[in-house]
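The residues making up each chain are set out below.
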Amino acid sequence: MDKNLMEATIFNKLLEPVNDFVLAQDSKLFKHPHQKLSYYAFFRILMYFFISEETSFNVFIKTKLKNGLSPETLGLQKIADTTCNEAFERFSVTLFQDIFKYFLSKFSFK
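Draft legend 1. Highlighting the overall build of the chain. Helix and strand content of the chain: six helices and zero strands. Listing the helices and strands of the chain from first to last along the sequence gives α-α-α-α-α-α. Relative to the compact-globule value of 13 Å for 110 residues, the chain shows a C-alpha radius of gyration of 14 Å, a close match. With the principal axes as the frame, the chain shows a C-alpha extent of 45 × 30 × 30 Å. A total of 110 residues make up the chain; the buried ones form 34% of that total. A separation of at least 24 residues holds for 62% of the contacts in the chain among residues at least 6 apart in sequence. Put simply, the chain shows about 7500 Å² of open surface, and 57% of that area lies on carbon and sulfur atoms. In the chain, 14 side chains carry a positive charge and 12 a negative one; their mean positions are 3 Å apart.

Draft legend 2. Representation of the packing of aromatic side chains. Scanning the entire structure with this criterion turns up 14 aromatic pairs. When the centroid spacing of 6.1 Å and the interplanar angle of 75° are considered together, the rings of Phe-42 and Phe-96 count as edge-to-face. Of this pair, Phe-42 sits in helix α3 (residues 39-51) while Phe-96 sits in helix α6 (residues 93-105); the two residues are 54 residues apart in sequence, bridging distant segments of the chain. Judged by its relative accessible area of 1%, Phe-42 is buried.

Quick notes on the rules
- Residues numbered from 1 in each chain as written.
- Predicted model: local features only at pLDDT ≥ 70, side-chain atom pairs only at ≥ 80, totals over all residues.
- Heavy atoms only, no water.
- Helix = DSSP H or I, 4+ residues; strand = E, 2+ residues; numbered from the N terminus.
- Rg over C-alpha atoms; globule rule 2.2 N^0.38 Å.
- Buried < 20%, exposed > 50% of the residue type's maximum accessible area, 1.4 Å probe, protein only.
- Contact = heavy atoms within 4.5 Å.
- Areas by Shrake-Rupley, 256 points an atom, 1.4 Å probe, with all protein chains shown as cover.
- Lys, Arg positive; Asp, Glu negative; His and termini not counted.
- Charge placed at Lys NZ, Arg CZ, Asp CG, Glu CD.
- Phe/Tyr/Trp six-rings, centres within 6.5 Å; stacked < 30°, edge-to-face > 60°.

As structure tokens, then:
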């Protein structure tokens with residue numbers, strides 16, 4: 001996807017504070033030869049789901065993502081529900097905890 005197109009979306013602006021951190025995490029992870037979904041792509045899918053008005057993650061995966069119905073400008077990977085289920089098993093919850101800690105460390109609270 002064109003880098004300028006990705007930078008132009010509100011979605012990418014929302015992810016900007018942690019984007020480089022997540023990319024760095026992804027670069028350190030072992031890539032299984034049969035892995036179809038990167039950690040970075042999985043992170044983006046989860047974040048889009050959480051900020052969208054979708055009510056069911058299962059329906060979101062089985063309809064929008066599986067059939068490529070999300071807006072192209074979001075750069076979300078077209079995936080099957082089985083691939084997404086595998087990602088939940090493959091990527092540790094501590095990766096996401098580290099993102100949250102990193103995000104909180106970037107702001108000073110009064």
